[in-house]
Amino acid sequence: MRWVIIGMIAIATVINYIDRNALAVMWPAIASDIGATKADYALLVTIFMLFYALGQFVFGRLFDAIGVRLGFALSIGVWSISIALHALASSILSFSLFRAMLGLSEAGAWPGTVKANAEWFPPKERAFAQGIFNAGASIGAIVSAPLIALLFIAFGWKGTFLVVGALGFIWVLPWLIIYRAGPDLHPWVSAAERALILDKSAARADDAPPAPAYVPTMGQMLGHRQTWGVILSRFFLDPIWWLFVSWLPIYLAETFNFDIKQIGIFAWVPYVGAMIGSLCGGWLSGWLIKSGRSAGMARKLIATLGGLIMIPCLIAAPDMTDATMAVLVIAGVLFGFQVAIGNIQTVPGDLFDGRSVGALAGIGGMAAVAGTLITTWLVPAMTRISYGPIFILVAALVPLSLLALWFVTGRIAPVQPRSSQALKDS
């Protein structure tokens, strides 16, 4: 049953990325119709990201309060309405309003998944489960460019927004039927699977005694260095993903003079690399744990491997003068990114009890957005001649993210209250 649940969440993420990428793919036509500029597009990305950051915090707390079942239904319901309303937009002001609604609601998928992962999977399976979820995001990015291009040709940009808005509502009904309860009470979970899921012994460090459940308040959580390690690693790393999610179609249009049809043909290719990286990163982490590594060390080693793949690809990308080679190199970037991020995203579940993990995932998501906003503001100024400078800039962020993971987070193991930790250390 746990694999059915994560599969449903992955499908929701496919829809999430179809919705959010629709504007970028159709932007050349939309900009022509409403008289918008590249700076206007950067403004819309900024507004989306600001409300996405707020949504990470809001939904992180909301998922902890109302649970995974209702949290996902609320999130996808609101974002489906939001993307459909884009069909009514006729100016940057109206697009800004609807992008704000979309960003706020789409953010819920990420803290919701981290919480579901912590509740439904033992530590040795969490990275692979997160990889399945992240693969859903990659599949959404793969199918969105050609799908949106075909829908645009058939219905125009207004009709396309209406069609993709319907997808979320189709998902909600089976979700409410399938997700009847958590793993402890779900009637379709077998006794053997329930025992596997609810076994907490695997979450502890080797030879560590069982610790009572620690459900920290927000203030207590921010008092732990491990929390700040997650925050900083997300702050530095996530801008790489969002650079391509937000700007890849524009990059192809400006660098290779592509129209919407050509963008649809090429823009999906890098996300094949991302999808493969999602699954590989999760599988490799689980393999290391089964081989005797601790969960924390497995997360760090595989995240580092992803970083070592990203850096040379980012440095090489600006020198690609052929569109096919450019998207293949970017596929290498996104492969490495997903190898790394899937492991970093599982760390909150390794550190804290499932009842508070949504909050930390939300804070990490807010930090990711903060880092992304900085690069978004820099893109128009740094890409006047080429996209080389921005690629080099984000390459420099990779080692900063890894340093935060290794040295700020420190040992990745269930966190204890400060008084208990002090007693243990003494």
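So, here is what we can say about the structure in this document. Throughout, residues of each chain are indexed from 1 in the direction in which the sequence is written. Note on the predicted model: pLDDT of at least 70 is required for a residue's local features to be given, and 80 or more for side-chain atom pairs to be given and counted; whole-chain, interface and lining totals, by contrast, use all residues. With hydrogens and water excluded, all non-hydrogen atoms of the structure serve as input to the side-chain values.

## Let's talk about the overall build of the protein chain
What counts as a helix is a DSSP run of H or I of at least four residues, what counts as a strand is a run of E of at least two, and both are numbered from the N terminus. Scanning the protein chain for helices and strands turns up 16 helices and 0 strands. With the radius of gyration taken over C-alpha atoms, the globule rule is written as 2.2 Å times the number of residues to the power 0.38. Relative to the 2.2 N^0.38 estimate, which gives 22 Å for 426 residues, the radius of gyration of the protein chain is 21 Å and therefore close to what a compact globule would have. Along the three orthogonal principal directions, the C-alpha set of the protein chain runs to about 65 × 45 × 35 Å. Only protein chains enter the accessibility calculation, which uses a 1.4 Å probe; a residue is then buried when its area is under 20% of its type maximum, exposed when over 50%, and partly exposed in between. Split into buried and exposed, the 426 residues of the protein chain put 59% on the buried side.

## Description of the packing of helix H9 (residues 225-256) against helix H11 (residues 269-290)
At a minimum axis distance of 12 Å, the contact between H9 and H11 shows a crossing angle of 150°. By the angle between their axes, H9 is roughly antiparallel relative to H11. When you trace H9 past H11, the crossing you get is left-handed. Across the interface between the two elements, Trp 241, Phe 244, Val 245 and Leu 248 of H9 pack against Pro 270, Tyr 271 and Ala 274 of H11. In this classification, Asp, Glu, Lys and Arg are treated as charged, Ala, Val, Leu, Ile, Met, Phe, Trp, Tyr, Cys and Pro as nonpolar, and every other residue, Gly included, as polar. Residues of the contact of H9 with H11, tallied by class, amount to 7 nonpolar, no polar and no charged. Every axis corresponds to a line fitted to the C-alpha atoms, with the helix fit spanning only the stretch in contact, and the corresponding angles, defined between N-to-C directions, vary from 0 to 180 degrees. If an angle is under 35 degrees, it is roughly parallel; if it is over 145, roughly antiparallel; if it lies from 65 to 115, roughly perpendicular; otherwise it is oblique. Whether a crossing is left-handed or right-handed is set by the direction in which the near helix is turned from the far one by less than a right angle, anticlockwise for left-handed and clockwise for right-handed. Pairs of residues are marked as contacts when any of their non-hydrogen atoms sit within 4.5 Å.

## Some thoughts on the pattern of salt bridges
Every case where a carboxyl oxygen of Asp or Glu lies within 4 Å of a side-chain nitrogen of Lys or Arg is listed as a salt bridge. By the definition in use, this model includes 9 salt bridges. The salt bridge involving Lys 115 is made with Glu 119; its shortest N-O contact spans 3.3 Å. Of this pair, Lys 115 and Glu 119 are both found in helix H5 (residues 109-120), 4 residues apart, which corresponds to roughly one turn of the helix. Two residues, Arg 234 and Asp 238, come together in a salt bridge whose shortest N-O distance is 2.8 Å. One end of the pair is Arg 234 and the other is Asp 238, both in helix H9 and 4 residues apart, which spans about a single turn. For the pair Arg 234 and Asp 238, one class covers both residues: buried. Within this structure, Arg 2, Glu 125 and Glu 193 form a network of salt bridges that share partners.

## Comments concerning the packing of aromatic side chains
Geometry of an aromatic ring pair is reported as the spacing of the ring centres plus the angle between the planes. Planes of paired rings set the category: under 30 degrees apart is stacked, over 60 is edge-to-face and the rest tilted, where pairs are Phe, Tyr or Trp rings (Trp by its six-membered ring) whose centres lie within 6.5 Å. Inspection of every chain in the model, using the stated rule, returns 30 aromatic pairs. With centroids separated by 5.6 Å and ring planes inclined at 20°, the aromatic side chains of Phe 48 and Tyr 52 adopt a geometry described as stacked. Here Phe 48 and its partner Tyr 52 are both found in helix H2 (residues 38-66), 4 residues apart, which amounts to about one turn of the helix. Across this residue pair, the class does not change: Phe 48 and Tyr 52 are buried. Both rings, one in Trp 157 and one in Phe 161, keep their centres 6.1 Å apart while their planes meet at 85°; by these two values the pair is edge-to-face. On the criterion of helical spacing, the pair formed by Trp 157 and Phe 161 is a turn pair, its members being 4 residues apart in helix H6 (residues 123-178).

## Section: the nonpolar core
Only buried residues count toward a nonpolar core. Its members are Ala, Val, Leu, Ile, Met, Phe, Trp, Tyr and Cys residues joined through side-chain atoms within 4.5 Å. The biggest cluster of nonpolar side chains holds 133 residues, and the ones touching the most others in it are Trp 27, Phe 161, Trp 175, Ile 240 and Phe 244. If one sorts the elements of this core by residue count, helix H1 (residues 2-34) sits on top with 19 residues. In this structure, Trp 27 is in contact with Ala 36, Thr 37, Tyr 41, Leu 44, Ile 92 and Ile 250, ignoring residues within four places of it in sequence. The next biggest cluster of nonpolar side chains, apart from the first, holds 5 residues, and it includes Leu 288, Ile 289, Ile 302 and Val 339.

## What to know about unusual backbone geometry
One non-glycine residue, Asn 257, adopts positive backbone phi at about 55°. For Asn 257, a relative accessible area of 66% gives the class exposed.

## A closer look at the environment of Gly 307
Secondary-structure assignment places Gly 307 in helix H12 (residues 295-316). Under the relative-accessibility criterion, Gly 307 is labelled buried at 1%. Between the C-alpha atoms of Gly 307 and Gly 296, which are 11 residues apart in sequence, the distance is 17 Å.

## Some points on a nonpolar patch on the surface
A cluster of nonpolar side chains, contributed by Leu 50, Phe 51, Leu 54, Phe 57, Val 58 and Met 366, occupies part of the molecular surface with about 460 Å² of accessible area. A per-element tally of the nonpolar patch places H2 first, with 5 residues. Residue placement: Leu 54 occurs in helix H2. What makes Leu 54 partly exposed here is its relative accessible area of 42%. By definition, no residue in a patch forms a salt bridge, and every one has over 30% relative accessible area; like charges are joined within 9 Å, nonpolar side chains (Val, Leu, Ile, Met, Phe, Trp, Tyr) within 5 Å. Surface accessibility follows the Shrake-Rupley procedure with a 1.4 Å probe radius. Residue values consider only the protein chains on display as shielding.

## Topic: the state of the cysteines
A pair of sulfur atoms, both from cysteines and within 2.5 Å, is called a disulfide here. All chains considered together, the criterion is met by 0 disulfides. With no disulfide of its own, Cys 313 lies 14 Å from the sulfur of Cys 280, the closest cysteine sulfur.

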